[in-house]
Amino acid sequence: MLRISVAVVALLALVACGGNRSSGNRGYAVQFASGPIQKACQAQGRKAASRARCGCVQAVANRELSAADQRRGAKYFKNPHALQQVRQNQDGNAANRRFWAAWKAYGQRAAQVCSKV
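Residues numbered from 1 in each chain as written. Predicted model: local features only at pLDDT ≥ 70, side-chain atom pairs only at ≥ 80, totals over all residues. Heavy atoms only, no water.

A. Fine view of the state of the cysteines. Inspection of the entire model under this criterion finds 2 disulfides. The disulfide bridge from Cys-41 ends at Cys-54, spanning 2.0 Å between sulfur atoms. Taking the torsion about the sulfur-sulfur bond, which here is approximately -65°, the covalent link between Cys-41 and Cys-54 counts as left-handed. Here Cys-41 is found in helix 2 (residues 36-43), whereas its partner Cys-54 is found in helix 3 (residues 51-64), with 13 residues between them in sequence. Between Cys-56 and Cys-114 runs a disulfide, and the two sulfur atoms are separated by 2.0 Å. Here the S-S torsion is close to -90°, and the disulfide linking Cys-56 with Cys-114 is therefore left-handed. (Disulfide = S-S within 2.5 Å. Helix = DSSP H or I, 4+ residues; strand = E, 2+ residues; numbered from the N terminus.)

Below, the structure written as structure tokens:
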């Protein structure tokens, strides 16, 4: 259970901070956008959460997530434990299951695209 919790927090940190520098760009041009993810990313004050990197993860969010999922996901930057609860509460909750799948895929894509920003 602790390992899963750490993995979820690491995923959030990866999205906010850009992830692994060796992951590459995989066909997306690095771009900048502003929106709820970008604002939440910058508000956390992480050292690696530059304006450019937070804008990049927002640009990926614009392509990968609905506006509602972006608003919902932005809340988890401030409270990662709540995201862990979503991940754990998927049985019998189709909304959580759908959101978790979308958020997980988004996090992986953002790490690929924004790692060099």
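B. Here's a closer look at the nonpolar core. Core analysis: the biggest nonpolar cluster contains 23 residues, and Ile-37, Trp-103 and Tyr-106 have the highest contact counts within it. At the level of elements, helix 2, helix 3, helix 4 (67-78), helix 5 (80-88) and helix 6 (94-114) are the ones that each hand at least two residues to this core. Looking at this core element by element, the count peaks at 7 residues for helix 6. (Core = buried A, V, L, I, M, F, W, Y, C linked by side-chain atoms within 4.5 Å. Buried < 20%, exposed > 50% of the residue type's maximum accessible area, 1.4 Å probe, protein only.)

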